[in-house]
Amino acid sequence: VALTSAAAVRARAAGQRWTPQRATVYGALLAASGAVGAYDLIERLAALHNLPLKPASLYRTLDDLQALGLVVKIESLNAWRACHHPHEDHQHVFLV
């Protein structure tokens, strides 16, 4: 809850809205044990939250979250992972 609240503050500080969709996607990535591909994320959101997202809508949301520094895209896997320390200036290193 603390990370989601901090993410909402971060979005507003950047002049962006913290929408229910952004909150749900970010929460799902925070709950994941590893990186998640977009289509796996769509299935999880549909099953757990009854949130039917089209791929284009999810990709826009992921891009927005990435621009806010809340998620990281792992290009080689085409998957995303939530940043658990968005308030810190740091680099992410993943061994694939």
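Every value quoted in this text rests on a predicted model; they were computed, and no experiment measured them.

About the cut-offs
Residues numbered from 1 in each chain as written. Predicted model: local features only at pLDDT ≥ 70, side-chain atom pairs only at ≥ 80, totals over all residues. Heavy atoms only, no water. Helix = DSSP H or I, 4+ residues; strand = E, 2+ residues; numbered from the N terminus. Expected span 1.5 Å × (residues − 1). Contact = heavy atoms within 4.5 Å. Salt bridge = Lys/Arg side-chain N within 4 Å of Asp/Glu carboxyl O. Buried < 20%, exposed > 50% of the residue type's maximum accessible area, 1.4 Å probe, protein only. Core = buried A, V, L, I, M, F, W, Y, C linked by side-chain atoms within 4.5 Å. Axes fitted to C-alpha atoms, helices over the stretch in contact; angles between N-to-C directions. Parallel < 35°, antiparallel > 145°, perpendicular 65-115°, else oblique. Pairing = 2+ DSSP bridges.

A. Region of the structure containing helix H3 (residues 38-49). Here H3 is 12 residues long and its end C-alpha atoms lie 16 Å apart, about the 16 Å a rise of 1.5 Å per residue gives. Its buried side turned inward, H3 meets helix H2 (20-31), strand E1 (36-37), helix H4 (55-67) and strand E3 (79-82). One or two steps after H3, the chain reaches Asn50, where phi turns positive at roughly 50 degrees.

B. Representation of the pattern of salt bridges. A full pass over the atoms with the stated rule returns two salt bridges. We note a salt bridge from Lys73 to Glu75, for which the minimum N-O separation is 3.8 Å. Relative accessible area serves as the criterion here: at 24%, Lys73 is assigned to the partly exposed category. The exposure class of Glu75 is exposed, given its relative accessible area of 58%.

C. Region of interest: the nonpolar core. Grouped together as the largest cluster of nonpolar side chains are 24 residues, with contacts concentrated most on Trp18, Val25, Tyr26, Leu29, Leu41 and Leu58. When residues of this core are traced back to their parent elements, those giving at least two are helix H1 (2-13), H2, H3, H4 and E3. Take this core: its biggest share by element is five residues, from H2. The residues touching Leu58, leaving out its near neighbours within four places in the chain, are Val25, Ala38, Leu41, Ile42, Leu45 and Leu53.

D. Quick peek at the packing of H2 against H3. At a minimum axis distance of 11 Å, the contact between H2 and H3 shows a crossing angle of 105 degrees. For the element pair H2 / H3, the angle class is roughly perpendicular. Together, Thr24, Val25, Ala28 and Leu29 of H2 and Leu41, Leu45 and His49 of H3 make up the contact between the two elements.

E. Quick look at the sheet that holds E1. Read across the open sheet, the three strands follow the order E1-E3-E2; overall the sheet is antiparallel. Each having just a single partner strand, E1 and strand E2 (71-74) make up the two edges of the open sheet. As paired elements, E2 and E3 share four bridges and run antiparallel to each other. Across the sheet, residue Ile74 finds its bridge partner in E3, namely Ala79. Along the sheet face, H2 touches E1, E2 and E3 and points at about 85 degrees away from the line of E3.

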